[in-house]
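# Descriptive analysis of the structure
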Amino acid sequence: MTRLDLDDLPPKIAALLEALPAGEELVLVRHGVVVARLTAEGGTPAAEPDADLPPETRLREVFEDFRAAIEDEF
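Presented here is an overview of the structure given in this document. (Residues numbered from 1 in each chain as written. Predicted model: local features only at pLDDT ≥ 70, side-chain atom pairs only at ≥ 80, totals over all residues. Heavy atoms only, no water.)

Quick look at the overall build of the protein chain now. Helix and strand counts for the protein chain come out as two helices and two strands. N-terminal to C-terminal, the α/β element order of the protein chain is α-β-β-α. Taking all 74 residues of the protein chain together, the buried fraction comes to 5%. Expressed as a percentage of contacts within the protein chain between residues at least 6 apart in sequence, the contacts between residues at least 24 apart total 3%. (Helix = DSSP H or I, 4+ residues; strand = E, 2+ residues; numbered from the N terminus. Buried < 20%, exposed > 50% of the residue type's maximum accessible area, 1.4 Å probe, protein only. Contact = heavy atoms within 4.5 Å.)

What follows is the structure, given as structure tokens:
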């Protein structure tokens, strides 16, 4: 599977892709020829951080999630 990181795209394009509703089809065109059709899937919304937690706890959770994601990648 090919993966595209939205952080690598210009902000306007990334925002357009993020805003696609589930089931919406995106058609990629080059020189008037359709080169691909992509269908958006509904992603899971990010959980809102608990307001009761101190900033240090939230920061620790972010770093733990980041470390786990890096370990999963490699």
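This part is about the pattern of salt bridges. Following the criterion strictly, the structure yields one salt bridge and no others. A salt bridge links glutamate 25 to arginine 37; the shortest N-O distance between them is 3.1 Å. Here arginine 37 lies in strand 2 (residues 33-39) and glutamate 25 lies in strand 1 (residues 25-30), a separation of twelve residues in the sequence. Taking relative accessible area as the criterion, arginine 37 reaches 51% and is therefore assigned exposed. (Salt bridge = Lys/Arg side-chain N within 4 Å of Asp/Glu carboxyl O.)

The pairing of strand 1 with strand 2 spans six bridges and is classified as antiparallel. For leucine 26, the partnering residue across the bridge sits in strand 2 and is leucine 38. Here strand 1 folds back onto strand 2, and the loop between the two strands holds two residues, one of which, histidine 31, carries a positive phi near 55°. (Pairing = 2+ DSSP bridges.)

Turning our eyes to something else, we now look at unusual backbone geometry. A positive phi angle, close to 55°, is found at histidine 31, a residue other than glycine. Mapped onto the elements of the fold, histidine 31 is located in the loop between strand 1 and strand 2. Residue class for histidine 31 comes out exposed when judged on its relative accessible area of 76%.

A few words now on a nonpolar patch on the surface. Taken together, the side chains of Leu28, Val33, Val35 and Leu38 make up a nonpolar region of the molecular surface, amounting to roughly 340 Å² of accessible area. Note on placement: valine 33 falls in strand 2. (Patch = residues over 30% accessible without salt bridge, like charges linked within 9 Å, V, L, I, M, F, W, Y side chains within 5 Å. Areas by Shrake-Rupley, 256 points an atom, 1.4 Å probe, with all protein chains shown as cover.)

Time to look at the environment of glutamate 25. By relative accessible area, which is 40% here, glutamate 25 ends up partly exposed. Distance in space between the C-alpha atoms of glutamate 25 and glutamate 41 is 9.6 Å, their sequence separation being 16 residues. At 3.1 Å, the side chain of glutamate 25 forms a polar contact with the side chain of arginine 37. (Polar contact = N/O pair within 3.5 Å; in protein donor to acceptor, adjacent residues only side chain to side chain.)

A contiguous patch of negative charge on the surface is contributed by Asp5, Asp7, Asp8 and Glu18. Considering the arrangement of structural elements, one finds aspartate 8 in the segment before helix 1 (11-18). (Lys, Arg positive; Asp, Glu negative; His and termini not counted. Charge placed at Lys NZ, Arg CZ, Asp CG, Glu CD.)

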